[in-house]
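Descriptive analysis of the structure
So you can see what is in the structure, the chains are spelled out below.
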Amino acid sequence: FQPKLLAGRRVLITAGPTFEAIDPVRGITNLSSGKMGFAIARAAQEAGAQVTLVAGPVHLPTPRHVQRIDVRSAQQMHDAVLPQAAAHDVFVATAAVADWRPATLAEHKIKKDGTQRVPSFEMTENPDILAAVARLPDRPYCVGFAAESQDLARHAREKLVRKNVPLVVGNLGPATFGRDDNTLLLVDAHGEREIATADKLGLARELVREIATRL
Ligand code: C5P
């Protein structure tokens, strides 16, 4: 039995990777299955919240009674999130947003030109969606994620400060990518707490409980 800890609350979640097009058939992306974000969406909905899920390109079914908005690029994700962020009580940024995108999008497929020349691409920075939401004057309670391959606690704490958010959830990637289980490290101003290895839905339910106590 799950008590309705988030009854009457609105929760906004980003999930999955973003895809940054180079030309009509190519692009760069980050590795993310979207499973953690979708599990959090389901757990928040089960806890009584009204949930909006902004998803990059993933192959996952929409959790029951969750409003889903599909996007592709970081800019699209930003533009879907920002106008409605302040109308939510909680924002959970699980998406693996590409930090950079090609500065220009080629209208047609870039062809091999018959020489040994390989193309090179100028990159430009994508907006930081979490930091932008955290800067809103009437911001929701913001939760960031940190996928790191080493020094998880240090990196998570650094994000807490740099993005000015009250809670960062670390997971040790890339071993976790696409898997059904995970271990989370909750980092806030008071300290650290580990949520032991479990399936992502179990972790999501525990995380939702933690968030609910902080509202
Ligand atoms: O910036 P960094 O990737 O270290 O931080 C990760 C956290 O910031 C995650 O919560 C991720 O969803 C969020 N993020 C974002 N927009 C970006 C980059 C990261 O919302 N452009």
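Residues numbered from 1 in each chain as written. Predicted model: local features only at pLDDT ≥ 70, side-chain atom pairs only at ≥ 80, totals over all residues. Heavy atoms only, no water.

You'll find the protein entered in an unreviewed UniProt entry as Coenzyme A biosynthesis bifunctional protein CoaBC, with Pseudaquabacterium terrae given as the organism.

Notes on the packing of helix α1 (residues 35–46) against helix α5 (residues 200–214)
In contact at an axis separation of 8 Å, α1 and α5 are set at 55 degrees when each is read in the N-to-C sense. Classified by the angle their axes make, α1 and α5 are oblique. You can see that α1 and α5 cross each other, and the crossing is right-handed. Contacts between α1 and α5 pair Lys35, Met36, Ala39, Ile40, Arg42, Ala43, Ala44 and Glu46 from the former with Lys200, Leu201, Leu203, Ala204, Arg205, Leu207 and Val208 from the latter. Tallied by class, residues from the contact of α1 with α5 come to 10 nonpolar, no polar and 5 charged. (Axes fitted to C-alpha atoms, helices over the stretch in contact; angles between N-to-C directions. Helix = DSSP H or I, 4+ residues; strand = E, 2+ residues; numbered from the N terminus. Parallel < 35°, antiparallel > 145°, perpendicular 65-115°, else oblique. Left-handed = near helix turned anticlockwise from the far one by under 90°. Contact = heavy atoms within 4.5 Å. Nonpolar A, V, L, I, M, F, W, Y, C, P; charged D, E, K, R; others polar.)

Concerning empty space enclosed by the protein
Under the defined criterion, the tally for this structure stands at 1 cavity of 30 Å³ or more. Put simply, the largest cavity is a space of about 30 Å³. Considering the residues around the largest cavity, the lining is formed by Leu6, Val11, Ile40, Ala44, Val90, Val92, Val208 and Ile211. (1 Å grid on protein atoms, 1.4 Å probe; cavity = no way out; pocket = protein on both sides within 12 Å on 5 of 7 lines; lining within 4 Å. Points joined across faces, edges and corners; volume = space filled by probe spheres on them.)

Focus on the side chain of Lys163
With respect to the helices and strands, Lys163 occurs in the loop between α4 (152–162) and β10 (167–172). Aside from chain neighbours lying at most four places away, what touches Lys163 is Asp128, Leu130 and Ala134.

Quick look at the UniProt feature "binding site: CTP" (unreviewed entry) in the protein
Within this numbering scheme, the UniProt entry marks Asp99, Lys109, Pro127, Asp128, Ile129, Leu130, Phe145, Lys159 and Lys163 as carrying the feature "binding site: CTP" (unreviewed entry). Taken along the chain, the residues just named run across 65 residues; in space they spread out, the farthest C-alpha pair reaching 37.6 Å. Of the annotated positions mentioned, Asp99, Pro127, Asp128, Ile129, Leu130, Phe145, Lys159 and Lys163 line the largest pocket. Relative to the helices and strands, Asp99 is located in the loop between β6 (90–93) and β7 (100–102). Looking at the secondary structure, you find Lys159 in helix α4. Apart from the residues within four sequence positions on either side, Lys159 is in contact with Phe145, Ala146, Glu148, Asn164, Val165 and Val168. (UniProt positions renumbered as here; feature names shortened; annotations may be inferred.)

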